[in-house]
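# A closer look at the structure
Residues per chain are reported as follows:
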Amino acid sequence: MEDFSEEQCSEQTPEPLLGSLDIFLFSLIAGLLIYWFFFRKKPEPVPEMKTQQIRETSFIEKMKKTNRNVVVFYGSQTGTAEEFANRLAKDAQRYGMKGMPTDPEEYDMSELSRLKEIPNSMAVFCMATYGEGDPTDNAQEFYDWMQGTDDDLAGVNFAVFGLGNKTYEHFNATGKYTDKRLAELGGNRVFDLGLGDDDSNLEEDFISWKEQFWPAVCEFFGVEATGEDSSIRQFELVVHNDINMNEVYTGEMGRLKSFQTQKPPFDSKNPFLATVTGNRKLNEGGNRHLMHIELDITDSKIRYDSGDHVAVYPTNDAAVVNRIGERLGVDLDTVISLKNLDEESNKKHPFPCPTTYRTALTHYLDINNTPRTNVLFELAQYASDPQEQENMRKMASASPEGKALYHSWVLDSERNILAILEDLPSLNPPIDHLCELLPRLQARYYSIASSSKVYPTSIHICAVVIEYTTKTERVFKGVATNWLKNKEVTDNGHKHTVPMYVRRSQFRLPFKPSNPIIMIGPGTGIAPFMGFIQERAWQKEQGKEVGETILYFGCRHKNEDFLYQQELEEFERAGVLTQLNVAFSRDQEHKIYVQHLLKKNKEQLWKLIHSNNAHIYVCGDARNMARDVHTAFYEIAEEVGGLTHTQAVDYFKKLMTKGRYSQDVWS
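Here is what the cut-offs are and how they apply
- Residues numbered from 1 in each chain as written.
- Predicted model: local features only at pLDDT ≥ 70, side-chain atom pairs only at ≥ 80, totals over all residues.
- Heavy atoms only, no water.
- UniProt positions renumbered as here; feature names shortened; annotations may be inferred.
- Helix = DSSP H or I, 4+ residues; strand = E, 2+ residues; numbered from the N terminus.
- Buried < 20%, exposed > 50% of the residue type's maximum accessible area, 1.4 Å probe, protein only.
- Contact = heavy atoms within 4.5 Å.
- Areas by Shrake-Rupley, 256 points an atom, 1.4 Å probe, with all protein chains shown as cover.
- Lys, Arg positive; Asp, Glu negative; His and termini not counted.
- Charge placed at Lys NZ, Arg CZ, Asp CG, Glu CD.
- Phe/Tyr/Trp six-rings, centres within 6.5 Å; stacked < 30°, edge-to-face > 60°.
- Core = buried A, V, L, I, M, F, W, Y, C linked by side-chain atoms within 4.5 Å.
- Pairing = 2+ DSSP bridges.
- Axes fitted to C-alpha atoms, helices over the stretch in contact; angles between N-to-C directions.
- Polar contact = N/O pair within 3.5 Å; in protein donor to acceptor, adjacent residues only side chain to side chain.
- 1 Å grid on protein atoms, 1.4 Å probe; cavity = no way out; pocket = protein on both sides within 12 Å on 5 of 7 lines; lining within 4 Å.
- Points joined across faces, edges and corners; volume = space filled by probe spheres on them.
- Nonpolar A, V, L, I, M, F, W, Y, C, P; charged D, E, K, R; others polar.
- Parallel < 35°, antiparallel > 145°, perpendicular 65-115°, else oblique.
- Left-handed = near helix turned anticlockwise from the far one by under 90°.
- pLDDT = per-residue confidence, 0-100.
- Salt bridge = Lys/Arg side-chain N within 4 Å of Asp/Glu carboxyl O.
- Patch = residues over 30% accessible without salt bridge, like charges linked within 9 Å, V, L, I, M, F, W, Y side chains within 5 Å.

Going by what an unreviewed UniProt entry lists, the chain is known as NADPH--cytochrome P450 reductase and is assigned to Cyprinus carpio. As stated in UniProt under Subcellular location (unreviewed entry), the record for the chain gives "Endoplasmic reticulum membrane".

Here it is, written out as structure tokens:
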């Protein structure tokens, strides 16, 4: 603001000129005003964000206001950790406590030290590990806070359950770190760290941990179970008999009508509807269907890099949805809302409401996977046959017999909710309670099979259609791959669309194109390498010096499932792909896999890695292939580099740390 003087003020005095007394009084008032303006005690500026944080992001104040003493934080990428957190918060009621499931991204986690202000309080953390030992997206800020803080957490009671997968090298890294770090900061561990393994039986691991966790909590706080083992509803049903259909959700993830009026930026809560412009079968023969899909992202402002993932939101099979409706005898087109009975909860509905049962079962709920034990426990009350009811409750228990029954009858037999309803004729749950209990249908992630340098307005997907017969003689169909398979490009004017967004990845080409790259990707693991090779070709066209580009690909038969054979051979002829090594596992008596070809070329590979700064990339199956490739590299380092096994392991760990050994694997 400009400075202003008495003279400037007096310039604006009205004509005629004032008398001396008037001028004196005027000058006095002006002087006082100037003094007040410059020398008054100015209040400290309060940043808008701070006010907002006090109002919205204090989980401590919310707990006090709503009389909660157990906060259950979740770091969740696919919804499982969130589901477990909801179950623990719900369980708290059975022990005379009040739980609050909480997304750490929505709150100021530096308030954790204040938890001791609430008597008999506790924080539970359900923390999934994602990628290469990373925290989930919604737990990243909390993880960063833990790393940087020196807050004193003395008097803060906590427990941690980690969700991981043993096929990955950094098994449960986030859960382990959270447990260790909270204790280092002085937190009081109420119960031992639980480690769930998705490669084995995550649900069983959680149940076993939970069965011991609650008695430990009771002992710690001196409380007892209330004996209420009955079902506790979290949502109430509201039926809308007279509603404007423009106010009803039809599959949108966040904003109502977001599919009709698309507005960037596009993300998990606001996916872009991409038109399918390509859909072709890649394999020549065999009983599988491997496909190449192209999605048009023109005008979306979506950017991607080679190695990123595309997330797609599939819909369930309409025939399965109809059969559930028929089995339960309901009109699926009834418009409903499920409203949280806890008015203070941030989660007002389990899925976007108001909507129809048909939309919920088609777009929002997972009806294809085997239901978890808590679903069986809650639904058991609706079985009129005592034996069926007893078996359902038994499967939800932590007893060895119950676990064995759940394992054989549900997991091994791959019974989804429809199969359970069909095989338990006396089970007739209200459809609204079923919708409350089923987990959300999650987005599916695919490694992008194109380069944005070559295809700036298109994203390519390479996937295998999942379809097989289960032990109960039912046909299991993968939700997303069968849905994508049917998105054919037609000439009749109807355009198929796919709700999608891009998720960034650390799977990146070297900064210097001159660095050699070694890519290992059998089956659909070839996907990101199609993008890498396209980009190396583009770099070459730009006149850049491009290093050796080596691919190790594997499939069953050369004449059946050699994916992208023509393109790869063309890249090889053009000198972009300096080496194309293919293992056809079943074209000869002894099976040959990519790791065998790696060992065959061990001298050349060791030279590239050890002397020429080569970057290694592995994509595909985590359980066997990635592990076997790892072992092959250890053996190469030992046999050619003269390293001991311990040195070899350490050598490749350092390459990973430097970003020269990258994996994009799944199990």
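### What to know about the overall build of the chain
When helices and strands are tallied, the chain shows 23 helices and 23 strands. Each principal axis of the C-alpha distribution contributes one length, and for the chain these read about 115 × 75 × 65 Å. Counting over 667 residues, the chain shows a buried share of 49%. If you take every contact in the chain between residues at least 6 apart in sequence, the share linking residues at least 24 apart comes to 76%. A total of about 32,500 Å² of accessible surface is found on the chain, and carbon and sulfur atoms cover 49% of it. Side-chain charges in the chain split into 73 positive and 97 negative, and the spacing between the mean points of these groups amounts to 3 Å.

### A few points about the packing of aromatic side chains
As enumerated under the stated definition, the model contains 33 aromatic pairs in all. An angle of 65° between the planes, with centres 5.6 Å apart, marks the rings of Phe562 and Phe584 as edge-to-face. With Phe562 in the loop between α18 (558-561) and α19 (565-573) and Phe584 in strand β21 (residues 579-584), the pair connects residues that are 22 residues apart, well separated along the chain. Across this residue pair, the class does not change: Phe562 and Phe584 are buried.

### Focus: the nonpolar core
Of all hydrophobic cores here, the largest spans 43 residues; its most connected members are Ile324 and Leu361. Looking at this core, the elements with two or more residues in it are α9 (318-328), β12 (335-340), α10 (357-364), α11 (373-379), α12 (386-395), α13 (400-412), α14 (417-423) and α15 (431-437). Those residues within four positions of Leu361 in sequence are excluded, and the remaining contacts are Asn316, Val321, Ile324, Leu332, Ile367, Ile431, Cys435 and Leu438. Within the second largest apolar cluster, 32 residues are counted, among which are Tyr552, Leu605, Ala632 and Leu655.

### Observations concerning the sheet that holds strand β10 (residues 290-296)
The strand order across the open sheet formed by 6 strands is β14-β11-β18-β9-β10-β15, and the pairing between neighbours is antiparallel. The open sheet has two free edges, formed respectively by β14 (444-447) and β15 (458-464), since each of these has just one partner strand. This sheet shows a mean twist of 40° between the axes of neighbouring strands, independent of strand direction. Of the pairings in the sheet, the one linking β10 to β15 comprises 7 bridges and is antiparallel in character. Bridge pairing in β15 links Ile293 to Ile461.

### With respect to the sheet that holds strand β19 (residues 517-520)
Taking strand neighbours across the sheet as the criterion, the 5 strands line up as β21-β20-β19-β22-β23 in an open arrangement whose pairing is parallel. Among the strands making up the open sheet, the edge pair consists of β21 and β23 (661-666). The mean angle between the axes of side-by-side strands here comes to 10°, regardless of whether they run parallel or antiparallel. With 6 bridges connecting them, strand β20 (residues 549-555) and β21 associate as parallel partners. Its bridge partner lying in β21, Tyr552 is registered against Asn581. Across the face of the sheet, helix α21 (residues 602-610) comes into contact with β19, β20, β21 and β22 (615-621) while running at roughly 130° to β20.

### Side note on the side chain of Thr315
The topology assignment puts Thr315 in the loop between β11 (309-312) and α9. Only 3.2 Å separates the side chain of Thr315 from the side chain of Trp483, close enough to count as a polar contact. If sequence neighbours within four positions are ignored, Thr315 has contacts with Thr362, His363, Leu441, Val479 and Trp483.

### Things to note about empty space enclosed by the protein
Scanning the entire structure with this criterion turns up 1 cavity of 30 Å³ or more. Approximately 60 Å³ is the volume found for the largest cavity. Lining of the largest cavity is provided by Asn201, Glu203, Glu204, Ile207, Thr373, Met395, Ser397, Lys403 and Tyr406. Of the residues forming the lining of the largest cavity, the biggest block, 3 residues, is contributed by helix α8 (residues 202-221). A per-class count over the lining of the largest cavity returns 3 nonpolar, 3 polar and 3 charged.

### Observations regarding the packing of helix α6 (residues 140-148) against helix α7 (residues 173-184)
For any two helices packed against each other, one specifies the crossing angle of their axes together with the interaxial distance. The geometry of α6 relative to α7 is characterised by a closest axis approach of 11 Å and an angle of 40° between their N-to-C directions. In terms of orientation, α6 and α7 fall into the oblique class. Between α6 and α7 lies a crossing of left-handed hand. Side by side, α6 and α7 meet where Phe142, Tyr143, Met146 and Gln147 of the first sit next to Thr174, Tyr177, Thr178, Arg181 and Leu182 of the second.

### What about the confidence of the model for the chain?
Of the residues in the chain, 91% have a pLDDT of 70 or more, and the chain-wide mean is 91. Predicted confidence for residues 1-25 stays below pLDDT 50, and this span has 13 contacts to residues more than four positions away or in other chains.

### Concerning the pattern of salt bridges
Pairs may arise between side chains of opposite charge once their charged atoms sit close together. Counted by the stated rule, this structure contains 36 salt bridges. Here Glu82 and Lys347 are joined by a salt bridge, their closest N and O atoms 3.8 Å apart. Highlighted residues: Glu82 in helix α5 (residues 80-91) and Lys347 in the loop between β12 and β13 (355-356), separated in sequence by 265 residues. Residue Glu82 is classed as partly exposed on the basis of its relative accessible area of 25%. In this structure, the salt-bridge partner of Arg114 is Glu111, at a minimum N-O distance of 3.0 Å. Several salt bridges share partner residues, and in doing so they unite Glu61, Lys64, Glu111, Arg114 and Glu117 into one network.

### What about a negative patch on the surface?
Taken together, the side chains of Glu105, Glu106, Asp137, Glu141 and Asp144 define an acidic patch exposed on the protein surface. Residue classification places Glu106 among the partly exposed positions, given a relative accessible area of 40%.

### What about the environment of Glu111?
As for its position among the elements, Glu111 is in the loop between β2 (99-102) and β3 (122-130). Taking the C-alpha atoms as reference, Glu111 lies 27 Å from His349; in sequence the two are 238 residues apart. In contact with Glu111, not counting residues within four places along its chain, are Thr57, Ser58, Phe59 and Ile60.

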